[in-house]
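In case you want the letters, here they are:
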Amino acid sequence: MIKITNLNKSFGNKKVLENLNCNIKTNSIYGFVGANGAGKSTLLRIINDVYKADSGTIEIDEKNIENNQELKQKLVFVPDDLYFFPSYTLKDIAQFYNSLYKNFDMEYLKKLAETLKLDMNSKIQNFSKGMKRQCALICAICTNADYMFFDETFDGIDPVVRGLLKKIIAKQMEKKETTIIMTSHNLRELEDICDNLALIYKGGILFESEVNTLKTNMFKVQISLKNDFDKDTFKDLEILNFKKIGSVATIIIKGEKEKEIEKLQLLNPVILDVLPVTLEEMFIYEMEVLGYEFNQVF
Amino acid sequence: MNLTKYFNFNYLKENFKKSRGILLLLVILVPLLTLFGIIFINKPVNYTKILELIEISWINIFGMYVIPIALSFILFGYVYKKTSVDFINSKPINRKTIFITNTIGGILLITLIQFLTLITLLLSSIFIKEVSIFTGMIVDTFIVMWIAYLFVFFATNLAMTMSGTFLTQIALTMIILFIIPFCLTTFDLLREQHINENDVIYENTDNYMENKNEITNMGTIIPNNNFIDIRSSYTLPFDFIWNNEFYFSNTRNIKMAVLGIVYFVIGLYLFQKRKMENAEESFSKVKIHLFVKALTVFPLLVMVNLIDASSNVFFILLIIIYYFVYDYIVRRKVKLKYSILGIILTLAISQGIILGIENYYPINPQNQNLKISKEDVEKISIELDKKFTLGEYDLNDYYMENEELINLIFESSEKCHNSYEEAIKNTTPENTSINVNSMKINGKFKYKDGKIVEFYAEVLKEDEDKILDILAQDENFVKNLKDKYLKKAIVTFNDEVMLEDSEQIQLEVNKSIKNMTLKEFYKLYNQSEFENYYLLGFHYYKNHTLIYNCLPINISENALKIIADNQNEYVKEIFYMKNNINSTKSIKSICNYNLYSGVLGYDENNPELLKFGNYFSHTSDLIEEFISENIDEKIDPTKKCYAIQLSELGTDNNYFSYDYSTYFFTNKTEEIDEIIKKEISFYDYDEYYDL
């Protein structure tokens, strides 16, 4: 488990993280979303002991990460901007990882490289942006670290390989109780893989929730009644958003789906369709509840 | 103890591997260039040369300013790029381990560089017969350069912990290495300049002497402050630039080692605290950036004051330009108001310090603090004559607690001073040859408080015998004096030409001087006649210094035979090269080769021949022909012989600045006499004499 308490970090006069608190459970995929410059990458760098926090604590498995070499064996970080030693091949870079991580699985790396059609003996500097990221990701996965941090995880990777990598990550979580921490400025990128999501805004966590809770606690219906109706007709429900076009209204309702549908059935609707809600919509409506405009945050 | 906490071999291996090409180049560069230096620059064509410390080390010294900085950049350069910072610092290796591991890596590489250089020099001394290098000197070079490289490496690493770009690291390294010694030295110069400008004695007496010290020397004795304090004070990187000297000094080595350790410890602490997010920026804070920038410009400001304060306005303009260019180069945006404030502050502080120094040191024309009181002196170490002790330092310090000798020197020196003053009164600027009845004495005094000062005094010649008698009573002094020539040395004739049979010559010398009395030896010491006396050089390496002592020795026939055969062999080689331009040996040398000849032998009937030599400007062809015809001559040392000096033209085509000379020995003195007569016949002798 990762426990972050009152984390602060400034670059000169600019505050990047401000009293950030967060708990990340083991064996989950935790996603940090936020606009560019929100502090996601800085947070990952501090957790990985690349940068030092100005104040606050980070405990991983109840241990402080700072200068803790043993604990860092449990962590692997793939940053947003990738770096490889000049002239290194995937094989060379894997050897580098192998020399530093005790549990590095070279055979698995070869297998993954084969799956992703990455030539082990070609210089990485000649690879495309997406291929470089694949290299970094599979090297990280093969460390068998307990905590994997992927910044802008799938940036530059095509949808097919992206799907493949998601499967590989999921398999890794099955294989070992791995905790994956991802960041992205694109919510859609994380919605189908993350267990938890946190929204970082101006250096702090604005909103955090389990994706399942979000999905089960919020649903969208299209409804039409025989008589004329407005928002007040549904005052027994917790309505996050109400839009009516003609005689059909689209309503986002917060609450347990079955119970709330029963309530709607009592109104004898002419049309009652339950529609899927995208994660982005959920965030938009949650933000609105908190008094933020979604466009401000992203 | 878990050593992996401090050192990670795998990381080091990978760090080396990623830069293996450039590391290999850096490792072989110094040994390789040192070898080339010996072969192509130091190695003479026709004789064996005894190389000095600087001659085997100059490439290594230049490397000292580049290689440790390059190594530091290769090992720690990742800190200057944000992407590589993410890559390395996120790995399971903490900063302390990274710093220590990379430092050990640097130490290993520097050791390897110096070890390879050591091996190169040792092999050169064995296989390149044209050069001779003392093993002790090679070992000393290894020690000095190893420590100096590490010192620069640690200083560079310390600079790295505080800077965000490579350029700022270099600027900071220069500051760490140079700013303190530079300020101390320039302040000292400023102080001296201030004193000299107001020195009355200097102005009144400059008709006779070049500087004020010699005036005070005539009657009094001054300490050589430089000898004790300055020489061993500064670290090699500064000292070599400032004084252009290279020598072995234990004090300096220890100083560099201690400073290196201090830099390492501070560096380790700062590296752990380093703000890695500052990569690609000069410093984390604008204040530090401005401070470092001011420090880089400060030495220049002091220099301007030292050279010519009137050029200040122009220089201030340059400083302003520099201020903005510096920001641009190190990629740091500084607000205009901060830059202007920085310029004003830097100028104000530097001017303030300079004015402070000038006011702090008052006018002191008497220089009284330089005088030595006889009462303070406890022991004396004396050199009889510097004429033939050409070694840079007197390492045969033998201190005598001899009150009689000390008193005699002081009294004689005072008398000499008085007579000198008399002489000045009666001397016109055209007639400056004064005080012929004096002799010079050099040595050192050891004070009762332990301080040592070097003195340089002039005493009356009539006291020479008394001094010698006192000295002769001290057996150890005599032994010490002779030891310079008795110990195993490489014996040379004709300055740089090494004799292959040093050992045998040494035996001859030992035989001739071992049982001499001090007076006999002293006479030999000051020998000015050359009949059967040959000026031999004795080279040995002692106390980390190449000692070179010369002595005119009345050598045995056996030794003369060795010298003559060697010299004639060299001449034969030169003539062979001269006549075979397709020879593989140095063609350049042949093309520049010109001859002039002089007779070294002493001719009782015509003593002026020796004094002026015979320059065969009209008969050089005859001399050359003579040598060619007799090139295979092996002399008979029992018969009269001449030595014809052959000199190569100097680089400026001047006979008197010859690069080297050698001698052709011959028993056919009558034939040479004939040539001499022909040569003399070209001159009006009186006119020639005047020349």
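What you are looking at is a predicted structure, and each value in this text was computed from that prediction instead of being measured. Here, residues in each chain are numbered from 1, in the same order as that chain's written sequence. Each chain is given a letter, starting from A, and each ligand a number, starting from 1, according to the order in which they appear as written. Only residues with pLDDT of at least 70 get local features here, since the model is predicted, and only at 80 or more are side-chain atom pairs given and counted; chain-wide, interface and lining totals rely on the full set of residues. The side-chain values count all of the structure's non-hydrogen atoms but skip hydrogen atoms and water molecules.

### Some thoughts on the overall build of chain A
Part 1 of the argument: For helices the rule is a DSSP run of H or I covering at least 4 residues; for strands it is a run of E covering at least 2, with both sets numbered from the N terminus onward. Of regular secondary structure, chain A possesses eleven helices and 14 strands.
Part 2 of the argument: Across the 298 residues that make up chain A, the buried fraction comes to 53%.
Part 3 of the argument: Contacts are residue-level and defined by heavy atoms, with any inter-residue pair within 4.5 Å sufficient. Long-range contacts, defined here as pairs at least 24 residues apart, represent 68% of the contacts in chain A between residues at least 6 apart.
Part 4 of the argument: Note on areas: these come from Shrake-Rupley sampling with a 1.4 Å probe, and a residue is covered only by the protein chains present in the view. Counting only carbon and sulfur atoms, one obtains 45% of the accessible surface of chain A, whose full area is about 13800 Å². In this scheme, a residue with accessible area under 20% of its type's maximum is buried, one over 50% is exposed, and one in between is partly exposed, where area comes from a 1.4 Å probe on protein chains only.

### Here's the deal with the overall build of chain B
Part 1 of the argument: From N to C terminus, chain B includes 26 helices and twelve strands.
Part 2 of the argument: The long-range fraction of contacts in chain B, counting pairs at least 24 apart against all pairs at least 6 apart in sequence, stands at 75%.
Part 3 of the argument: Carbon together with sulfur atoms contributes 57% to the accessible area of chain B, which is approximately 33600 Å² in total.

### What about the side chain of B:R95?
Part 1 of the argument: Topologically, B:R95 is positioned in helix α5 (residues 95-127).
Part 2 of the argument: When charges are counted, Lys and Arg are positive and Asp and Glu negative, with His and the chain ends excluded. Here a salt bridge means any side-chain nitrogen of Lys or Arg lying within 4 Å of a carboxyl oxygen belonging to Asp or Glu. No salt bridge is formed by the buried B:R95. Its closest oppositely charged neighbour is A:D49, at 5.7 Å.
Part 3 of the argument: Pairing of N or O atoms within 3.5 Å defines a polar contact, subject to two protein rules: one partner must be a possible hydrogen donor and the other a possible acceptor, and residues neighboring in sequence count only if both atoms are side-chain atoms. At 3.5 Å, the side chain of B:R95 and the backbone oxygen of B:F271 are in polar contact.
Part 4 of the argument: Excluding residues within four positions of it along the chain, B:R95 makes contact with A:D49, A:V50, A:Y51, A:K52, A:N67, B:N89, B:F271, B:Q272, B:K273, B:R274 and B:M276.

### As for the environment of B:T141
Residue and element names in this part refer to chain B.
Part 1 of the argument: Tracing the backbone through its elements, the reader meets T141 in helix α6 (residues 135-162).
Part 2 of the argument: Sequence separation of T141 and L53 is 88 residues, and the distance between their C-alpha atoms is 7.2 Å.
Part 3 of the argument: Not counting residues within four places of it along the chain, the set of residues in contact with T141 comprises L53, I56, S57, N60 and W146.

### With respect to the sheet that holds strand β5 (residues 63-64) of chain A
All names here are of chain A.
Part 1 of the argument: Strand order in the open sheet formed by four strands is β2-β1-β4-β5, with antiparallel pairing between adjacent strands. Two strands lie at the open edges of the sheet, namely β2 (14-24) and β5, each paired on one side alone.
Part 2 of the argument: At least two DSSP bridges between two strands are required for those strands to pair. Of the pairings in the sheet, the one linking strand β4 (residues 55-60) to β5 comprises two bridges and is antiparallel in character. When the bridges of β5 are listed, I60 appears paired with K63.
Part 3 of the argument: This element, helix α1 (residues 40-47), spans β1 (2-11), β2 and β4 of the sheet and lies at about 115° to β1. To define axes, lines are fitted to C-alpha atoms, for helices over the stretch in contact only, and angles between the resulting N-to-C directions are given on a 0 to 180 degree scale.

### Focus: unusual backbone geometry
Residues and elements named next belong to chain A.
Part 1 of the argument: One non-glycine residue, S87, adopts positive backbone phi at about 70°.
Part 2 of the argument: Look at S87 and you get partly exposed, because its relative accessible area is 37%.
Part 3 of the argument: Not every positive phi belongs to a glycine, and N268 is a case in point at roughly 50°.
Part 4 of the argument: Positionally, N268 belongs in the loop between α9 (257-265) and β14 (271-275).

### Focus: the pattern of salt bridges
Part 1 of the argument: One pass over the structure, following the stated rule, counts 25 salt bridges over all chains.
Part 2 of the argument: With a shortest N-O distance of 2.5 Å, A:K9 and B:E277 are connected by a salt bridge. Taken together, the residues span two chains, with A:K9 in strand β1 and B:E277 in the loop between α12 (250-273) and α13 (286-307).
Part 3 of the argument: For A:K52, the salt bridge goes to A:D49, with nearest N and O atoms at 3.3 Å. One exposure class covers both A:K52 and A:D49, and it is buried.
Part 4 of the argument: One salt-bridge network, in which partners are shared between bridges, spans A:D49, A:K52, A:E66 and A:K72.

### Topic: the sheet that holds strand β12 (residues 238-245) of chain A
Residues and elements named next belong to chain A.
Part 1 of the argument: Reading across from one edge, β12-β13-β11-β14 is the order of the four strands in this open sheet, with antiparallel pairing throughout. Edge positions in the sheet fall to β12 and β14, since each has one partner strand and no second. On average, each strand axis in the sheet is inclined to that of its neighbour by 20°, with strand direction left out of account.
Part 2 of the argument: Note: strand β11 (residues 218-224) against β14, five bridges, orientation antiparallel. Bridge assignment links Q222 to a residue of β14, and that residue is D273.

### Considerations on helix α17 (residues 464-472) of chain B
Residue pairs spaced three or four apart in an α-helix point in one direction, given the helix's 3.6 residues per turn.
Part 1 of the argument: Three or more residues of α17(B) are buried, namely B:E464, B:I467, B:L468, B:I470 and B:L471. Down the axis of α17(B), the sector holding all buried residues measures 160°, keeping them to one side. Throughout, the arc means the angular range of directions from the helix axis out to the C-beta atoms.

### Some words on the side chain of A:S10
All names here are of chain A.
Part 1 of the argument: If you trace the backbone, S10 turns up in strand β1.
Part 2 of the argument: Since its relative accessible area comes to 18%, S10 is described here as buried.
Part 3 of the argument: Setting aside anything within four residues of it in sequence, one finds S10 in contact with K15, V16 and D54.

### Thoughts on the nonpolar core
Part 1 of the argument: Put simply, buried Ala, Val, Leu, Ile, Met, Phe, Trp, Tyr and Cys residues joined by side-chain atoms within 4.5 Å make one nonpolar core. Grouped together as the largest cluster of nonpolar side chains are 176 residues, with contacts concentrated most on A:F32, A:L90, A:I93, A:F150 and A:F283.
Part 2 of the argument: With 16 residues, α6(B) is the single largest residue contributor to this core.
Part 3 of the argument: B:I470, B:I505, B:L524 and B:L536 belong to the second largest nonpolar core, which has 55 residues in total.

### Re the packing of helix α3 (residues 53-76) of chain B against α5(B)
How two helices pack is summed up by the angle between their axes together with the distance between the axes.
All names here are of chain B.
Part 1 of the argument: For the pair α3 and α5, the least separation of the axes is 11 Å and the interaxial angle reads 155°. As judged from the angle between their axes, α3 and α5 are roughly antiparallel. Judged by the sense of rotation from one axis to the other, the crossing of α3 with α5 is right-handed. Two secondary-structure elements touch here, α3 through I56, N60, I67, L71, L75 and F76 and α5 through I98, F99, N102, T103, G105, G106, L109, I110, I113, Q114, T117 and L121.
Part 2 of the argument: For this scheme, ten residues count as nonpolar: Ala, Val, Leu, Ile, Met, Phe, Trp, Tyr, Cys and Pro. Four count as charged, namely Asp, Glu, Lys and Arg, and the remainder, Gly too, count as polar. Looking at side-chain class alone, the contact of α3 with α5 contains eleven nonpolar, seven polar and no charged residues. Orientation categories follow fixed angle ranges, with anything under 35 degrees roughly parallel, anything over 145 roughly antiparallel, 65 to 115 roughly perpendicular, and all other angles oblique. In this scheme, a crossing is called left-handed if the near helix is turned counterclockwise away from the far one by less than a right angle; it is called right-handed if the turn is clockwise.

### What to know about a negative patch on the surface
Residue and element names in this part refer to chain B.
Part 1 of the argument: On the surface, a cluster of negative charge is made up of D621, E625, E629, E670 and E671.
Part 2 of the argument: Those elements giving two or more residues to the negative patch turn out to be α24 (620-629) and α25 (669-680).
Part 3 of the argument: Among the elements that take part in the negative patch, α24 stands out by supplying three residues, more than any other.
Part 4 of the argument: Its location among the elements puts E625 in helix α24. Patch construction takes residues with relative accessible area above 30% that form no salt bridge. Like charges are linked within 9 Å, and nonpolar side chains (Val, Leu, Ile, Met, Phe, Trp, Tyr) are linked within 5 Å. Think of each charge as sitting on NZ of Lys, CZ of Arg, CG of Asp or CD of Glu.

### Concerning the interface of chain B and chain A
Part 1 of the argument: In this complex, chain B contributes 27 residues to the contact, which on the side of chain A involves 28 residues.
Part 2 of the argument: The term buried area denotes the loss of accessible surface (1.4 Å probe radius) that occurs when two parts are joined, taken as the sum for both partners. A buried area of about 2700 Å², summed over both sides, lies between chain B and chain A, and 57% of it is on carbon and sulfur atoms.
Part 3 of the argument: Here chain B and chain A share 13 residue pairs in polar contact (both at pLDDT 80 or more) between them.
Part 4 of the argument: Where the side of chain B that touches chain A is concerned, the elements lending two or more residues are α1 (9-18), α4 (82-89) and α5 of chain B.
Part 5 of the argument: Ranked by residues supplied to the side of chain B that touches chain A, first place goes to α4(B) with seven residues.
Part 6 of the argument: Each residue belonging to the side of chain B that touches chain A can be placed in one class, and the counts come to seven nonpolar, ten polar and ten charged.

### Some details on the environment of A:Y147
All names here are of chain A.
Part 1 of the argument: Locating Y147 in the fold gives a position in strand β7 (residues 147-150).
Part 2 of the argument: Residue classification places Y147 among the buried positions, given a relative accessible area of 2%.
Part 3 of the argument: Separated by 121 residues in sequence, Y147 and T26 place their C-alpha atoms 8.4 Å apart.
Part 4 of the argument: Apart from the residues lying within four places of it in its own chain, the contact partners of Y147 are M1, I2, T26, I60, D61, K74, L75, V76, T179 and I181.
Part 5 of the argument: A distance of 2.5 Å separates a polar atom in the side chain of Y147 from the backbone nitrogen of M1.
Part 6 of the argument: A distance of 2.5 Å separates a polar atom in the side chain of Y147 from a polar atom in the side chain of D61.

### Here's the deal with the confidence of the model for chain A
Part 1 of the argument: Mean pLDDT over chain A: 87, with 97% of residues reaching 70 or higher.
Part 2 of the argument: Scored between 0 and 100, pLDDT is the confidence that the predictor attaches to each residue. Put simply, helix α11 (residues 294-297) of chain A is where chain A has its lowest mean pLDDT, 58, and strand β6 (residues 75-78) of chain A is where it has its highest, 95.

### Considering the packing of helix α3 (residues 90-100) of chain A against helix α5 (residues 129-141) of chain A
Residues and elements named next belong to chain A.
Part 1 of the argument: Their axes nearest at 10 Å, the elements α3 and α5 cross at an angle of 30°. By the angle class used here, α3 and α5 are roughly parallel. As α3 runs across α5, the sense of the crossing is right-handed. Contacts between α3 and α5 involve L90, I93, A94 and Y97 from the former and C135, I138 and C139 from the latter.
Part 2 of the argument: Residue classes in the contact of α3 with α5 are distributed as seven nonpolar, no polar and no charged.

### A look at the pairing of β4(A)
Residue and element names in this part refer to chain A.
Part 1 of the argument: Sheet analysis places β1 next to β4, joined by five bridges and oriented antiparallel. Residue N8 lies in a different strand from β4, and its bridge partner there is S55.
Part 2 of the argument: Connecting β4 to the antiparallel partner β5 that follows it, the hairpin turn spans two residues, and D61 within it adopts a positive phi of roughly 50°.

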